[in-house]
Amino acid sequence: MRNLATFLLLVLVFSHALTMTMGYRDEDEDEDWKPEREWEREREREERGGEEEEDERSGRGEERFLLQDAKRVVKTEAGDVRVITSVGGRIVDRPMHIGFVSMEPKSLFIPQYIDSNLILFVRRGEARVGCIYKDDLVEKTLKVGDVFRIPAGSAFYLVNTGEGQKLHIICSIDPSESLGLRAFQSFFIGGGSYPTSILAGFGHETLSNAFNVSSDEVEDILNRQQDGPIVYISDSHAPSMWSKFLQLKEQERLQHLKRMVEFQQEPQEQEQKTWSWRKLLNSVFGAEDRKDTRATRRSPDAYNIYKRRPDFKNNYGWSVALDGSDYKPLKHSGIGVYLVNLTAGSMMAPHVNPTATEYGVVLRGSGRIQIVYPNGSSALDAKVKEGDVFWVPRYFAFCQIASRTGPFEFFGFTTSARKNRPQFLVGASSLLRTLPNPELAASFGVSEDRIRNFTDAQSEAVILPTAAAAPPDKTDKYEKKIAAKFGKLPNMVRNFGNDMIMGFD
């Protein structure tokens, strides 16, 4: 009897523990995305049909895979910065935020360092970027299409050098080294009442001794700037602190900055940091036209993605991918870069990225993004236009389709600096062509001849024509195959080829 009671007690304890475990699992799953439940709901809605359910599904899909919540983190008369924050959850192998920097002509993004790795892509205009590389200041001129990396913790500044032209930069913000306080955290070296310089946190007596100047001069320097993180540096937009510095003669600027940043003797670690800041600030205010050629030779250059030969190209578009073997700074960040240009009506064939999550920004044109859940149901089928941001989780099948009205161009980042080898599901180079016919036919429940005819019907690879984009000069045999699948072909939509229309407007 005692043994039976003991056994029943153990059963009750085990049942309670199992219940608590399952409850904890459910609670834990509520904090992240629960794909299994979502897939079941999607299947139920598809079985029910109806416009209302379809609209509801589409809305949630767009909310999940189209990153639409852009927050303005900097706003001044001279420019602004907007950031789209990545989603969280288990499905995201590596979160990444996307930033948009816009600067007016003759403006400066003041010296700072941030807690995240940046990869800049110049979409429009020209810029000069100065940053610290191995304790040396290096300056680079960036043009449209240039890609440039700024490591986390490296002091840098940006100047819009384009004559009468706005500067637009798209950047990846990799928070893997961030403090986790927000999307990213800026530490401004320059500043005053707005933004506040990090130097302002030290006591005036401490700074007076460190700079070897009076307390009044410390207070004057640290409270003068009030125009924000992006300021004008032209004469017509005085009186900013930065404009006044530029109005000084060169020797006066150098002497003034020497007093500002030349600390008294410090430990070795602090001394290296002080020299780095001195070189950075001297470049902005003292010797803008002088180049440190020795440092420039050692430092990585920018990489212009538009000058790279396409990795793939046919009559329907082209694609370029940069990885760590093409541009070494990407290897340090573990980020890849890509650019795709589709002609009107063409599509990037359905494919899977087995090594990375993909983030994309539509540069021009419009089209559709289709993403598929692992269970074969639709995760997203949405129209996108210029400026839209989307992301595709690793392993998820997806495709991009250009509208019939013009070319569709999108640029983006991947969460791996290794060579990306996408697995295409359709087309002449697809997995279906590679897999053996007997096994493939059995898996679909059809004959080998039928599956062979089905997979061989598409003669193009990677970037495919649709009914709206197929050229009229194909053979009759090819036209019959397309017509059997899509119906009678319309007249060809004009092929825009490699014609590029850059710009935000």
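As the structure is a prediction and not an experimental result, all values here were calculated from the model.

Novice: So what exactly am I meant to see when it comes to the overall build of the protein chain here?
Specialist: Looking only at helices and strands, the protein chain features 14 helices and 25 strands. Relative to its full complement of 505 residues, the protein chain shows a buried share of 48%. Contacts in the protein chain between residues far apart in sequence, at least 24 positions, make up 73% of those at least 6 positions apart. For the protein chain, the exposed surface amounts to about 26,100 Å²; the carbon and sulfur share of it is 51%.

Novice: What am I meant to see in the sheet that holds strand β10 (residues 167-174) here?
Specialist: Sheet strands pair via backbone hydrogen bonds, and the direction of the pair is either parallel or antiparallel. Strand order in the open sheet formed by seven strands is β1-β2-β3-β10-β5-β8-β13, and the pairing between neighbours is antiparallel. Of all strands in the sheet, those bounded by a partner on one side alone are β1 (70-76) and β13 (303-304).

Novice: What am I meant to see in helix α4 (residues 204-211) here?
Specialist: For an α-helix, 3.6 residues make a turn, and residues three or four places apart therefore share a direction. All of the buried residues in α4 are Leu 207, Ser 208, Ala 210 and Phe 211. Projection of α4 onto a plane perpendicular to its axis shows the buried side chains occupying an angular sector of 165 degrees, all on one side. In the segment just after α4, Asn 212 is the residue with positive phi, at about 60 degrees.

Novice: What exactly am I supposed to notice about the pattern of salt bridges here?
Specialist: Oppositely charged side chains are able to pair whenever their charged atoms sit close together. Enumeration over the complete set of coordinates arrives at 16 salt bridges. Of the charged contacts in the structure, one is a salt bridge between Lys 140 and Asp 301, with a shortest N-O distance of 2.7 Å. Taken together, the positions of Lys 140 in strand β7 (residues 136-142) and Asp 301 in the loop between α9 (293-298) and β13 put the pair 161 residues apart, joining distant regions of the chain. The exposure class assigned to Lys 140 is buried, which follows from its relative accessible area of 6%. The exposure class of Asp 301 is partly exposed, given its relative accessible area of 47%.

Novice: Help me out: how do you make sense of the side chain of Asp 146 in this one?
Specialist: Following the sequence through the fold, Asp 146 ends up in strand β8 (residues 146-150). Polar contacts involving the side chain of Asp 146 include one to the main-chain amide nitrogen of Lys 143, which spans 2.8 Å. When neighbours within four sequence positions are excluded, Asp 146 is seen to be in contact with Leu 120, Phe 121, Val 122, Thr 141, Ala 302, Tyr 303 and Asn 304.

Novice: Explain the nonpolar core here, please?
Specialist: Grouped burial of nonpolar side chains is what soluble globular proteins tend to show. Ranked by size, the top nonpolar core spans 98 residues in total, and within it Ile 98, Ile 305, Val 337, Ile 371 and Phe 413 carry the most contacts. Setting aside residues no more than four positions away along its own chain, Val 337 makes contact with Ile 119, Val 147, Ile 305, Val 320, Ala 321, Leu 322, Leu 330, Phe 411, Gly 412, Phe 413 and Thr 414. By size, the runner-up hydrophobic cluster in this structure holds seven residues, among which are Leu 199, Leu 207, Phe 211 and Val 218.

Novice: What exactly am I supposed to notice about the packing of helix α12 (residues 437-444) against helix α13 (residues 448-456) here?
Specialist: Each pair of packed helices gets described by two things: the angle between the helix axes and the distance between those axes. Across the interface, α12 lies against α13 with an axial gap of 9 Å and an inter-helix angle of 95 degrees. Considering the angle they form, α12 stands roughly perpendicular to α13. Mapping the contact onto sequence places Asn 437, Pro 438, Leu 440, Ala 441 and Phe 444 in α12 and Glu 448, Ile 451, Arg 452 and Thr 455 in α13.

Novice: I keep staring at the side chain of Asn 304 and nothing clicks. Help me out?
Specialist: Within the element layout of this structure, Asn 304 appears in strand β13. By relative accessible area, which is 13% here, Asn 304 ends up buried. Within the local environment of Asn 304, its side chain forms a polar contact with the backbone nitrogen of Tyr 306, the two atoms lying 3.0 Å apart. Of note is the side chain of Asn 304, whose polar atom sits 3.2 Å from the backbone nitrogen of Lys 307.

Novice: Can you help me understand the packing of aromatic side chains in this one?
Specialist: Any aromatic ring pair is given by two values, namely how distant the centres are and how the planes are angled relative to each other. By the definition in use, this model includes 12 aromatic pairs. Measuring from centroid to centroid gives 5.2 Å for Phe 408 and Phe 410, while their planes differ by 50 degrees, and the two rings are tilted. In this structure, Phe 408 and Phe 410 share a single accessibility class: buried. Among the aromatic side chains, those forming a connected cluster through ring pairs are Phe 65, Tyr 359, Tyr 373, Trp 391 and Phe 396.

Novice: Just to check I follow, could you spell out the confidence of the model for the protein chain for this structure?
Specialist: Atom-level detail of predicted coordinates should not be read off regions where pLDDT is low. Summary statistics for the protein chain give a mean pLDDT of 75 and a share of 67% for residues scoring 70 or more. The model gives residues 17-39 a pLDDT under 50, and that stretch makes 21 contacts with residues more than four places away or in other chains. The low-confidence segment residues 256-275 (pLDDT under 50) makes 30 contacts with residues lying over four places distant or belonging to another chain.

Novice: Could you clarify how one ought to interpret the sheet that holds strand β21 (residues 389-392) in this entry?
Specialist: One open sheet accounts for six strands, arranged β14-β15-β16-β23-β18-β21; its pairing is antiparallel. Of all the strands in the sheet, just β14 (312-314) and β21 have a single pairing partner and so form its edges. Across the sheet, the axes of successive neighbouring strands diverge by a mean angle of 15 degrees, strand direction being ignored. Relative to strand β16 (residues 336-342), strand β15 (residues 317-322) runs antiparallel, the two sharing six bridges. Paired with Trp 318 across the two strands is Asn 341, which belongs to β16.

Novice: Could you clarify how one ought to interpret the packing of α4 against helix α5 (residues 215-223) in this entry?
Specialist: Their axes nearest at 9 Å, the elements α4 and α5 cross at an angle of 105 degrees. Between α4 and α5, the angle is such that the two are roughly perpendicular. The residues of α5 that touch α4, namely those facing His 204, Leu 207 and Ser 208, are Ser 215, Val 218, Glu 219 and Leu 222. Here the contact of α4 with α5 is composed, by residue class, of three nonpolar, three polar and one charged.

Quick notes on the rules
- Within any chain, residue numbers begin from 1 and follow the written order of that chain's sequence.
- For this predicted model, a pLDDT threshold of at least 70 governs which residues receive local features, and a threshold of 80 or more governs which side-chain atom pairs are given and counted, while totals over whole chains, interfaces and linings are taken from all residues.
- Excluding hydrogens and water, the side-chain figures rest on all heavy atoms present in the structure.
- Think of it this way: any DSSP run of H or I at least four residues long counts as a helix, any run of E at least two long counts as a strand, and we number them from the N terminus.
- The buried label applies to any residue whose accessible area, calculated with a 1.4 Å probe on protein chains only, is under 20% of its type's maximum; exposed applies above 50%, and partly exposed to all values in between.
- In this description, contact between two residues means that some pair of their heavy atoms is separated by no more than 4.5 Å.
- Every accessible area reported is derived by Shrake-Rupley at a probe size of 1.4 Å, with residue values counting cover from the shown protein chains alone.
- If DSSP finds at least two bridges between two strands, the strands pair.
- The arc in question is the one traced by the directions running from the helix axis out to the C-beta atoms.
- For this analysis, a salt bridge means a side-chain nitrogen from Lys or Arg found within 4 Å of a carboxyl oxygen belonging to Asp or Glu.
- Pairing of N or O atoms within 3.5 Å defines a polar contact, subject to two protein rules: one partner must be a possible hydrogen donor and the other a possible acceptor, and residues neighboring in sequence count only if both atoms are side-chain atoms.
- Put simply, a nonpolar core is a bunch of buried Ala, Val, Leu, Ile, Met, Phe, Trp, Tyr and Cys residues held in one set by side-chain atoms that sit within 4.5 Å of each other.
- Fitted lines through C-alpha atoms serve as axes, helices being fitted only where they are in contact, and the angles separating the N-to-C directions of these axes extend from 0 to 180 degrees.
- Working rule for angles: under 35 degrees goes down as roughly parallel, over 145 as roughly antiparallel, 65 to 115 as roughly perpendicular, anything else as oblique.
- Stacked, tilted and edge-to-face pairs are distinguished by plane angle, under 30 degrees for stacked and over 60 for edge-to-face with tilted covering the rest, among Phe, Tyr and Trp rings (Trp via its six-membered ring) whose centres lie within 6.5 Å.
- The pLDDT value expresses, per residue, how confident the predictor is, ranging between 0 and 100.
- Residues are sorted three ways: Asp, Glu, Lys and Arg are charged, Ala, Val, Leu, Ile, Met, Phe, Trp, Tyr, Cys and Pro are nonpolar, and all the rest, Gly among them, are polar.

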